[in-house]
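Okay, here's what each chain looks like letter by letter:
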Amino acid sequence: MPTMDDILEHIGEFNFFQKQTFLFLALLSAAFTPIYVGIVFLAFTPDHRCRSPGVPELSRRCGWSLVEELNYTVPGPGPEGQAFPRQCRRYEVDWNQSALGCVDPLAGLAANSSLLPLGPCRYGWVYDTPGSSIVTEFNLVCTNSWMLDLFQSAVNVGFFIGSVGIGYIADRFGRKLCLLITILINASSGVLMAISPNYTWMLIFRLIQGLVSKAGWLIGYILITEFVGLSYRRTVGILYQVAFTVGLLVLAGVAYVLPHWRWLQFTVTLPNFCFLLYYWCVPESPRWLISQNKDAKAMKIIKHIAKKNGKSLPTSLQSLGSDEEVGEKLNPSFLDLVRTPQIRKHTLILMYNWFTSSVLYQGLIMYMGLAGSNIYLDFLYSALVEFPAAFIILVTIDRVGRRHPWAASNMVAGAACLASVFIPEDLRWLRVTVVCLGRMGITMAYEMVCLVNAELYPTCIRNLGVLVCSSMCDIGGIITPFLVYRLTSIWHELPLVVFAVVGLVAGGLVLLLPETKGKTLPETIEEAENMQRPRKNKEKMIYLQVKKLDTPPN
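If you check an unreviewed UniProt entry, the chain appears there as Solute carrier family 22 member 2 from Phocoena sinus. What UniProt states about the chain under its Sequence similarities (unreviewed entry) heading is, verbatim, "Belongs to the major facilitator (TC 2.A.1) superfamily. Organic cation transporter (TC 2.A.1.19) family."

Rendered as structure tokens:
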């Protein structure tokens, strides 16, 4: 029975149909950006201070400038290592009393303002920002700052649960159905979050977005890699992730134009409803249909692809009769990921590499702590780093394969973290350069793990395998903030040491995986188990077949 890759060689591996479908799904990839990193703008925490009734009136009566008002009415910085009183504490003073003068109004109450009692911000806060965020609207600062951590953790918890659950559904009931359901739920919950009346409802709808959004992004990735031929698979895989990077740049621009979080959330969510039109634009994966013995439906879609590409399907390839290998496994199971030795090894190594990529990618961003005060430019610059990483992958991946560039990128990231530990603080430029090199390395590793993950699993469990393994990056996303901030309090360089060890180990483990360069996607579990075996026999067999075909008839 011909494989899907055999058929694509005749009807077009990356012609009009595949290019059109890639464009549609690339838009879906870019739209995932606001959910994954949108907290940078949705939850921006500006400089703030306690609201003190009577201070605005006194300031107007005395004609103070903003600097004078802060100097006279707001506590100064506290002891090193403690919270700033100017943000979370206020003078216990009645600012409405007429006895207060305009020149050092606290002088008559105490010889030194530091002797005055301080109290909590019982009247709320004043935020120095022209816009708004969920922090300013719901006062997620000081004693309530943990609620902001919970907001971000809810998204990652949703990513984790959704990746596993929806991954199973996509392999059981089809990619297209699952994609459309996730798009609808994601768009609806995003709009509901924008009109949430309080923090609790906002948290619930953000959790729902997490449950479906990442799973939808990964289903789109699986679909496009199953539609294209072998020689284009790695290119569309990388470019699909580059579309996410383009989404980062667009998000920075939109957030700059719309500094109010509710309008920003509306604007980045509404385009998702347009993706429901994919019901008529994106067909089901023929590979999945074949794996489910739905040959008639698969052939109908294959003929549609051939027509779109302006190709004709040879009669010899129009038969997709049931095959023992295809019928071997129709229903995906979590046990399939660990039941056989090679797939079990693949699963464990891939899970660790997803975890490593998330920890180093997010951890290095947190550790670097971009120095500038303009979050829009800082975000833009950090996004631009990802383009060279994608370019390097596209240039090298077909020349040297997947495994060695992937291992090298992990090791470069780990070595850069380790080297930066020994660079003195006065060589700031060198330290930043080395850390940026590590950021580029882990960005490459992040893109490679997504590409290779889909290539190591057979069709019947491919979506499940990708989503289960990638769920480990959500675990990494949950613990990374605690890892960075807790270890930094012990020793400032300790997070870099941990990143170095984790990255170097990940690079070594990658070398234990089989090379997938030039190999067709495995259709069955048996084919996936045999990927590690030498290809000499197979190559010899193909060569003999070619020689036999080249022999002129008698």
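1. Considering the packing of helix α21 (residues 403–421) against helix α24 (residues 494–510)
Packing of α21 against α24 brings their axes to within 7 Å, and their N-to-C directions diverge by 160°. Here α24 runs roughly antiparallel to α21, going by the angle between their axes. Judged by the twist between their axes, the crossing of α21 over α24 is left-handed. On α24, the residues touching R403, W406, A407, N410, M411, G414, A415, C417, L418, S420 and V421 of α21 are L496, V497, F499, A500, G503, L504, A506, G507, G508 and V510. For the contact of α21 with α24, the residue count by class is 14 nonpolar, six polar and one charged.

2. Section: the packing of helix α11 (residues 199–227) against helix α12 (residues 233–257)
When two helices pack together, you describe them by how their axes are tilted relative to each other and by the distance separating the axes. Running from amino to carboxyl end, α11 crosses α12 at an angle of 150°, the nearest separation of the two axes being 9 Å. The angle between α11 and α12 places the two elements in the roughly antiparallel class. Between α11 and α12 lies a crossing whose hand is right-handed. Across from W217, G220, Y221, I224 and T225 in α11, the residues of α12 making contact are R233, V236, G237, Y240, Q241 and F244. Partitioning the contact of α11 with α12 into residue classes produces six nonpolar, four polar and one charged.

3. As for the state of the cysteines
For the structure on display, the rule yields two disulfides. Sulfur-sulfur distance for the disulfide between C50 and C121 comes to 1.6 Å. Residue C50 is found in strand β1 (residues 48–50), and its partner C121 is found in the loop between β3 (118–120) and β4 (125–127); the two are separated by 71 residues along the sequence. By the burial criterion, C50 is buried, and C121 matches it. Here C88 is linked by a disulfide to C142, with a sulfur-sulfur distance of 2.0 Å. Judged by the sign of its S-S torsion, about -95°, the cystine formed by C88 and C142 is left-handed. Of this pair, C88 sits in helix α7 (residues 85–88) while C142 is found in the loop between α8 (134–138) and α9 (146–173), placing the two residues 54 residues apart along the sequence. For C88, a relative accessible area of 22% gives the class partly exposed.

The rules behind these values
- Residues numbered from 1 in each chain as written.
- Predicted model: local features only at pLDDT ≥ 70, side-chain atom pairs only at ≥ 80, totals over all residues.
- Heavy atoms only, no water.
- UniProt positions renumbered as here; feature names shortened; annotations may be inferred.
- Axes fitted to C-alpha atoms, helices over the stretch in contact; angles between N-to-C directions.
- Helix = DSSP H or I, 4+ residues; strand = E, 2+ residues; numbered from the N terminus.
- Parallel < 35°, antiparallel > 145°, perpendicular 65-115°, else oblique.
- Left-handed = near helix turned anticlockwise from the far one by under 90°.
- Contact = heavy atoms within 4.5 Å.
- Nonpolar A, V, L, I, M, F, W, Y, C, P; charged D, E, K, R; others polar.
- Disulfide = S-S within 2.5 Å.
- Buried < 20%, exposed > 50% of the residue type's maximum accessible area, 1.4 Å probe, protein only.

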